[in-house]
Amino acid sequence: CRGLSYSQKEIEEAREQVHAALDEIVPVIAQEAGDDELALHREIFEYLCENVSYDYELSDIIVSGDTSNPLRKNRGSYGALIQQKTVCSGYAGAYKAICDRLGLDCWVAESRDHAWNLVRMQDGGVYCVDATSGDQDTWIADQFFMVSPQEYEEKYGYRISETCYIPPRFRS
């Protein structure tokens with residue numbers, strides 16, 4: 001089965017759309033949160049939980065191994081920021097993209113079947129933020145915001161995959 005591929009022009013157009021979305025989103029988040037690092041992370045988490053929906057159809061496509069379906073384009077930050085519908089990798093990619101623009105230290109962590117973010121605070125503390133699990137359609141599940149990596153693994157069973165590179169500054 002041959003996978004879906006995009007032209008260089010299509011890739012560049014999607015990249016430009018994501019950058020334009022970030023140009024709109026980031027100043028609003030910064031204005032709402034001010035300079036407080038924790039407040040910035042909270043605004044990003046709430047923004048994604050309130051403006052993005054989990055895409056169950058895309059999840060089924062990924063699980064089935066169908067690499068030719070055009071919905072796979074929504075698997076990353078493009079899905080979250082442009083289509084406002086994605087899977088965990090899109091939530092995590094969008095969270096990282098917004099953090100990068102705001103100068104916040106963030107990384108995407110992955111297990112065998114899930115993705116979330118590791119954030120490193122200025123005091124050196126490392127925490128998990130899982131906007132996918134926090135997004136509960138009509139409410140936000142705060143228990144997925146700023147959880148220690150040990151507690152995250154113990155409570156929710158997500159362990160970082162051996163094949164997922166994690167920079168030393170995020171290791172506890």
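See the structure shown above.
None of the values given here were measured: they were computed from a predicted structure.

Before going further, it helps to examine the sheet that holds strand β5 (residues 126-129). Ordered by their spatial adjacency, 4 strands build an open sheet running β3-β4-β5-β6, and the pairing between neighbours is antiparallel. At either end of the open sheet lies a strand with only one pairing partner, and these are β3 (105-110) and β6 (145-147). Strand-to-strand twist across the sheet, computed as the mean angle between neighbouring axes with direction ignored, equals 35 degrees. Packing of helix α5 (residues 88-102) onto the sheet brings it into contact with β3, β4 (115-120), β5 and β6, and relative to β4 it is tilted by some 25 degrees.

Right, let's get into the packing of helix α1 (residues 8-33) against α5. Geometrically, a packed helix pair is captured by the angle between its two axes and the distance between the axes. α5 packs onto α1 with a crossing angle of 65 degrees between their chain directions and a minimal axis gap of 10 Å. One finds that α1 runs roughly perpendicular with respect to α5. Judged by the sense of rotation from one axis to the other, the crossing of α1 with α5 is right-handed. Where α1 approaches α5, its residues His19, Leu22, Asp23, Ile25, Val26, Ile29 and Ala30 are matched on the opposing element by Ala97, Ile98, Arg101 and Leu102.

Bringing helix α3 (residues 56-64) into the picture now. The set of residues buried in α3 consists of Leu58, Ser59 and Ile61. The arc that holds every buried residue of α3, seen down its axis, measures 160 degrees, which confines them to one face. In α3, the exposed positions that point more than 90 degrees away from the buried face belong to Tyr56, Glu57, Asp60, Val63 and Ser64. Those residues of α3 that are buried lie in contact with β1 (53-54) and β2 (85-86). N-capping of α3 is provided by Asp55, with a side-chain oxygen placed 3.2 Å from the backbone N of Glu57. Where α3 terminates, the next one or two residues include Gly65, which has phi positive at roughly 85 degrees.

What the rule picks out here adds up to 9 salt bridges. Residue Glu12 pairs with Arg15 through a salt bridge whose shortest N-O separation is 2.8 Å. Taken as a pair, Glu12 and Arg15 lie in helix α1 at a separation of 3 residues, close to a single helical turn. The class of Glu12 is partly exposed, set by a relative accessible area of 31%. The structure contains a network of salt bridges with shared partners spanning Arg42, Glu46 and Asp142.

The rules behind each value
Residues numbered from 1 in each chain as written. Predicted model: local features only at pLDDT ≥ 70, side-chain atom pairs only at ≥ 80, totals over all residues. Heavy atoms only, no water. Pairing = 2+ DSSP bridges. Helix = DSSP H or I, 4+ residues; strand = E, 2+ residues; numbered from the N terminus. Axes fitted to C-alpha atoms, helices over the stretch in contact; angles between N-to-C directions. Contact = heavy atoms within 4.5 Å. Parallel < 35°, antiparallel > 145°, perpendicular 65-115°, else oblique. Left-handed = near helix turned anticlockwise from the far one by under 90°. Buried < 20%, exposed > 50% of the residue type's maximum accessible area, 1.4 Å probe, protein only. Arc of directions from axis to C-beta. Polar contact = N/O pair within 3.5 Å; in protein donor to acceptor, adjacent residues only side chain to side chain. Salt bridge = Lys/Arg side-chain N within 4 Å of Asp/Glu carboxyl O.

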